[in-house]
Amino acid sequence: MLSFEDVQAARDRVAETTRQTPLEYSHTFSAMTGAEVHLKLELFQRTGSFKLRGATNRIATLSEAERENGVVTASAGNHAQGVALAATRIGVDSTIVMPEHAPISKVKATRSYGGNVVLSGEDYDEAAERAHEIEREEGRTYVHAFDDDYVMAGQGTIGLEIYDELPEVDTVVVPIGGGGLISGIATALDGLDPSVRVVGVQAEGASSVAESLEKGHRIERDSVETIADGIATRTVGEHTFEVIQERVDEVVTVTDSEIAVALTTLLERSKTLAEGAGAVALAAVTEEKFDYADDEVIVPALCGGNIDLNTLTNVIVRGLVETGRYLRVRTVLKDRPGALEELVGVLSDQQVNIYAIEHDRTNRDVAMNDAEVELDLETRGPDHVDELLAALREHGYPVEVLV
């Protein structure tokens, strides 16, 4: 099993390529939760993710023959960039297999770091199948995204940094996909101070670890569905699962809606942009997915900031909807002059800002003398939404909430 000494050794190997990322006290999230929250901003790592640490440590241990033959891996995006950069820095050729629908921003970034990108499969697991084919065909060394002791040890250097800066830490909250990150961090903290609690977080739509722990053995989901694409794996690793069973205190799950709220709140209040997988740890804290005491010193690890801009737009809208800041409704008006103006007057009285209006007089689902209207609205919170809907209905408008 991965040892504390493995993590210590990794620290020297990764020092030249990676950077020590900030650990910052958050007034906003401390006030929101009652805990003392410090954010480990690993999203400021080179390549925008913690994955560079593990990839660098693994590639640093290649033999001369392995370096000459090159490496291959599979990744949804962050590990891809880490492997590409780590390999390029020491002159090793890298081939990266990414799912066909991987975010274009991550594909472009991986290529910019020198990786040869192959798009194959619907998800990480199918991409991994193709990567192993290339491994056999070309004699390359496969650099696993998580189920490798060197990779886990590299990720664990985050735990060393947290404890160096904040030895009074009580709880560290860590995202889980395949388990490499939390295995490394838990091993580091166990070696430094076994009293530090380690809580793992998965997206509800990719919760293989939580289910595996309940059953006592690894399970594989038939599919995964989450906005946190960086942790969207069907199963946890064999080696990582052993470490998680031994050294992780608790594993919880968060929904996509909760992830979206955490991401948008972090962006708005802390001016910090995380990807879905990078926001799950914070979501677990703000949504109180595990028990913690007032003034408990908690460190959520925000471990990725590589979010596709199209995805970001959708996530922000989702977060605004969940917090009552954005509303889309459909209603029906009489098709006569002034009807739309009367509706807008009701909205104005409620101090609602209108983003967009779609007015349809031809919809066959409404009467011939009626018109259907869809409105995108800016609101000020759940109470404001309730007041607005009540006012519309009071004025005789049938209202259907679309989002």
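Here the structure is a predicted model, which means the values were calculated and not measured.

1. Focus: the sheet that holds strand β12 (residues 353-360)
To summarise the sheet geometry, strands pair through backbone hydrogen bonds and adopt either a parallel or an antiparallel arrangement. The four strands are arranged β12-β13-β11-β14 in an open sheet whose pairing can be described as antiparallel. Whereas interior strands pair on both sides, the edge strands pair on one side only; in this sheet they are β12 and β14 (400-401). Across nine bridges, strand β11 (residues 326-334) lies against strand β13 (residues 370-378) in antiparallel orientation. Bridge assignment links V329 to a residue of β13, and that residue is L375. Contacts from helix α15 (residues 339-349) reach β11, β12 and β13 within the one sheet, and its direction differs from that of β11 by about 145 degrees. Those strands touched by helix α16 (residues 382-394) are β11, β13 and β14, and its axis lies near 5 degrees from that of β11.

2. Brief notes about helix α3 (residues 51-60)
Across the ten residues that make up α3, a large majority, nine, are buried. For α3, the full list of buried residues reads K51, L52, R53, G54, A55, T56, N57, R58 and I59. Buried positions along α3 lie against α1 (4-14), α4 (64-69), α5 (78-89), β6 (141-142) and α8 (149-165).

3. Notes on the pattern of salt bridges
Summed over all chains, the structure comprises 28 salt bridges. Salt-bridge contacts for R197 lead to E296; the nearest nitrogen and oxygen are separated by 2.7 Å. Here E296 lies in the loop between α13 (276-286) and β10 (297-302) and R197 lies in strand β8 (residues 197-203), a separation of 99 residues in the sequence. As a salt-bridge pair, R221 and E211 come within 3.1 Å of each other at their nearest N and O atoms. Note that R221 is positioned in the loop between α10 (208-215) and α11 (238-247) and E211 in helix α10, a separation of ten residues in sequence. Here the residues in one salt-bridge network are D123, D125, E126, E220 and R234, joined through shared partners.

4. Topic: the side chain of T233
Among the structural elements, T233 can be located in the loop between α10 and α11. A polar atom in the side chain of T233 sits 3.1 Å from the backbone oxygen of G177.

5. Here's the deal with the sheet that holds strand β9 (residues 250-254)
Taken in spatial order, the six strands line up as β1-β2-β10-β7-β8-β9 in an open sheet, and their pairing is mixed. Pairing within the sheet leaves two strands with one partner each, and these edge strands are β1 (23-25) and β9. Direction aside, neighbouring strands of the sheet carry axes that sit 25 degrees apart on average. Pairing between β8 and β9: five bridges, direction parallel. Looking at the pairing, A203 lines up with V254 of β9. Seen against the sheet, α10 touches β8 and β9 and runs at an angle of roughly 135 degrees to β9.

6. Observations regarding the pairing of β11
Consecutive side chains along a regular strand alternate between the two faces of the sheet. In this structure, β11 lies alongside β14, joined through two bridges in antiparallel fashion. Residue pairing in the sheet places V329 in a bridge with V401 of β14.

7. Examining empty space enclosed by the protein
A full pass over the atoms with the stated rule returns one cavity of 30 Å³ or more. If you trace the largest cavity, you find 28 residues lining it, with F50, K51, G177, G230 and I231 closest to the centre. Among the elements of the structure, α5, α9 (180-192) and α13 are those that each provide at least two residues to the lining of the largest cavity. Split into classes, the residues belonging to the lining of the largest cavity amount to twelve nonpolar, 13 polar and three charged.

8. A closer look at the nonpolar core
Counting residues in hydrophobic clusters, the biggest one holds 35 residues, and the most contacted among them are L39, V173 and F290. When neighbours within four sequence positions are excluded, V173 is seen to be in contact with V199, V201, A281, A284, V285, F290, I298, V299, P300 and A301. In terms of nonpolar packing, the next biggest core, distinct from the first, is built from 28 residues, L23, I182, V198 and V299 among them.

9. Notes on the environment of E296
On the basis of relative accessibility, which here comes to 12%, the residue E296 falls in the buried class. As a C-alpha pair, E296 and R361 span 65 residues in sequence and 58 Å in three-dimensional space. Ignoring anything within four residues of it in the chain, the contact list for E296 reads A35, E36, D170, T171 and R197. One polar contact links E296 to R197, side chain to side chain, over a distance of 2.7 Å.

Reading the values: the criteria
- Residues numbered from 1 in each chain as written.
- Predicted model: local features only at pLDDT ≥ 70, side-chain atom pairs only at ≥ 80, totals over all residues.
- Heavy atoms only, no water.
- Pairing = 2+ DSSP bridges.
- Helix = DSSP H or I, 4+ residues; strand = E, 2+ residues; numbered from the N terminus.
- Contact = heavy atoms within 4.5 Å.
- Axes fitted to C-alpha atoms, helices over the stretch in contact; angles between N-to-C directions.
- Buried < 20%, exposed > 50% of the residue type's maximum accessible area, 1.4 Å probe, protein only.
- Salt bridge = Lys/Arg side-chain N within 4 Å of Asp/Glu carboxyl O.
- Polar contact = N/O pair within 3.5 Å; in protein donor to acceptor, adjacent residues only side chain to side chain.
- 1 Å grid on protein atoms, 1.4 Å probe; cavity = no way out; pocket = protein on both sides within 12 Å on 5 of 7 lines; lining within 4 Å.
- Points joined across faces, edges and corners; volume = space filled by probe spheres on them.
- Nonpolar A, V, L, I, M, F, W, Y, C, P; charged D, E, K, R; others polar.
- Core = buried A, V, L, I, M, F, W, Y, C linked by side-chain atoms within 4.5 Å.

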